[in-house]
Every structure is written in structure tokens, then in C-alpha cells.
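# Descriptive structure summary
Chain residues, written in single-letter form:
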Amino acid sequence: MNRLLLATYPASHRSRHGDELLNCLAEAYPGRSWPPPRETAALLRGGLEVRARTVADDPARPWWLDGIHLAALVLAALALIPYLQDVWHWALRIDPGDQAISFHFSGWYPWADGPGRPRLLPYGLLPLVCLVALLRGRAWLALPASAAMVWAGATFGGNTLFGTEGMAGLGYYGLGAPLTVHDLMLSGTLAAACAVLAFRRPGRLRRHTFGWLVPVVLAMFVAGGLHLVAISPAFQRGLFVVEVAGLLAAWVATAATGDHRWLIPVAAFAFVRGQAIVVRPSGFMGSLPNLVVLLLLVAPLPALAIAAQRRQRRTVLELP
């Protein structure tokens, strides 16, 4: 299990110092396959800091381009979240019956042939294609997928390609208001980011390995296998944990490097979710007062900016 913790470090760092770290853990905690929580948190933070410095020191691309790329990845994942269960069931040809998010008829499934049963597609395929394309640095593939998301939302109620029932599926998104397909702020912002990436130095985008899709497949398996819809309490609590972990990772990276690229995805995330609360306050789930949630969404932005400024000031003082 100790090797699993070292996965947070870059491959080059593991090849140079991996055995040394494993030996130190074995000597410090003999007979244990997993270090204490405090040591685990320190290892995870150390791995994030090393990865962040590696990214920040890479001159192949400007920081703002990398930040927009990260923001597009976050928004694509955010759009996919409510439809994890549906995409999993569609891919494995499973009929969930009444457990589907908003698909109340089996005709949504392309293999459910019969009178009055149209062959439709799950809307979640669009953000999934967009997410995979962005992970591989193929913005020219992500752009049409994100544009199709805008089109599906703009034609809500009259478009039958994805099914009107499924397009109304709610996503709770932790502390925020629900977002639906016909809320164009999420898909529009994602499409704008993909357009910038596709037409502005597309060959310089960072390409991630397919291993980054493992958490996505795992989330689909959990949501589809356990029939966890996006508005269930278990789904909401799990998503809130993921959100907090993402914000902490952004803070660690910013504090370690003084780089502002991680501020861009956090700002995009806060903008989309905050807009949903302001525009549709009646759709808020009521876990906390609206003003409190808005403050929680905005608070990470100055925190990251202050962390970056402190790191830059410390770096200047450390120079000979």
C-alpha cells in the first residue's frame, strides 16, 4: 500500500527516490502496510508539491493556457457528474428501471426496440467525450462535443436525440444549486474554453495518460452499480468530499509554487456554481443559506491569490 501513496509523485521522482522512501517507511513503521494518517497526509502533500513544481517549471506552455486547460477539464467533469449512472448503464446495456436519474421509460436505451421506443443516446456521452479529448490534449475534438452540449441545452424541450427526460436530470454539486442541461452557463463556458484551446496553440496542450480516466470509470461503477443518483444524500456527500479535496490540492500547488494557473479552474468552478444559485435561488437544495454557500464558493479565490503572493515574496527573499 505504501507504493500506492508514492503514485502521487511523478515517475521521474519515484525512479530516483522511490526505494529510499519505501525503506524509510518500512523502518519507521515496521509491519504496517499503511503509515499513520499524519504521515499519509504528509506524503500526499509532498507528492502534490513535487508535481506542482514540475508543472510550473515546464516552459513548454504559458501558465494561463495551462490554467484554461485545467478549467475546461474541471467543467467537463462537472457536466458529466449527474450522468455517471446513465452512461454506465448505457455502456453495459443495463436497464435500471426506476433507478435511472430522469429516464422514466426504457425506450431511452438504443437496444430497447419496440413500438414507440425511440433509439436515443445518453446526454452524458457529450461531456465524457469532451473530458477524454481534453485529457489527451485534443481540444479540436473537445470543441464539437462542447458545442453539441450547448445545442442540446438551447433546444431543450424540442430536441429528441438525447431524450427530454434525461436532459432534465439534476446535479446537486455539493453545496451548490442544481444544474440542468438547459442551464447554458456551464456548457457555454466549457465551449468557450475549448475554443480558446483549439485555436490558440493547440499543439502545446499538456497530454495526460489514460490512467487519469481510472477515477472516472470508478465513479461510474459506483454510481451505476449502487444506483446512486445525483440527488441522493450519499452522492452529495461523496461529491462534497471530492470538491474539498480538489480545493485543498489547488491550495497546496499554489502555495508550493506561487503560480496562478490553479486559480483559473477554481474561479471557473465558483463562477458556474455561483451563477446557478443567483439565477435560480428557488432550485437551491437548502443544505445551507444561499449567502453562506456563495461565500464558501468565493472564499477560495482570495485564499489562493494570497498563497501565491506569499510564495512569490518568500522566493524573492530567498534569492542571494
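That block above? That's the structure.
What counts, and at which threshold
Residues numbered from 1 in each chain as written. Predicted model: local features only at pLDDT ≥ 70, side-chain atom pairs only at ≥ 80, totals over all residues. Heavy atoms only, no water. Helix = DSSP H or I, 4+ residues; strand = E, 2+ residues; numbered from the N terminus. Contact = heavy atoms within 4.5 Å. Salt bridge = Lys/Arg side-chain N within 4 Å of Asp/Glu carboxyl O. Buried < 20%, exposed > 50% of the residue type's maximum accessible area, 1.4 Å probe, protein only. Core = buried A, V, L, I, M, F, W, Y, C linked by side-chain atoms within 4.5 Å.

### Details of the side chain of Arg 61
Within the fold, Arg 61 resides in the loop between helix H3 (37-56) and helix H4 (63-80). Excluding residues that lie within four positions of it along the chain, Arg 61 makes contacts with Asp 66, Arg 204, Leu 205 and Arg 206.

### Observations regarding the pattern of salt bridges
Opposite charge on two side chains lets them pair, provided their charged atoms get close. The full count for this structure, using the stated rule, is six salt bridges. We note a salt bridge from Glu 49 to Arg 53, for which the minimum N-O separation is 3.8 Å. Placement of the pair is Glu 49 and Arg 53 together in helix H3, with a separation of four residues, close to one helical turn. A salt bridge links Asp 66 to Arg 261; the nearest nitrogen and oxygen atoms lie 2.8 Å apart. Remark: Arg 261 occurs in the loop between helix H10 (233-257) and helix H11 (263-279) and Asp 66 occurs in helix H4; sequence separation between them is 195 residues. Pair check on accessibility: Asp 66 and Arg 261 agree, each one buried.

### So, the side chain of Thr 254
Topologically, Thr 254 is positioned in helix H10. For Thr 254, a relative accessible area of 2% puts it in the buried group. Excluding residues within four positions of it along the chain, Thr 254 makes contact with Asp 259, Trp 262, Leu 304, Ala 307, Ala 308 and Arg 311.

### A few points about the nonpolar core
Counting residues in each nonpolar core, the largest one holds 53 residues, and the members touching the most others are Leu 80, Cys 130, Leu 134, Leu 190, Leu 197 and Met 220. When contributions to this core are tallied by element, the ones reaching two or more residues are H4, helix H5 (84-91), helix H6 (125-135), helix H7 (139-154), helix H8 (184-199), helix H9 (214-225), H10 and H11. Among the elements that line this core, the one with the most residues is H4, at ten residues. With residues up to four places along the chain from it excluded, the contact list for Met 220 reads Leu 80, Leu 84, Val 87, Trp 88, Leu 128 and Gly 225. Residues Ala 52, Val 55, Trp 262 and Val 266 belong to the second largest nonpolar core, which totals seven residues.

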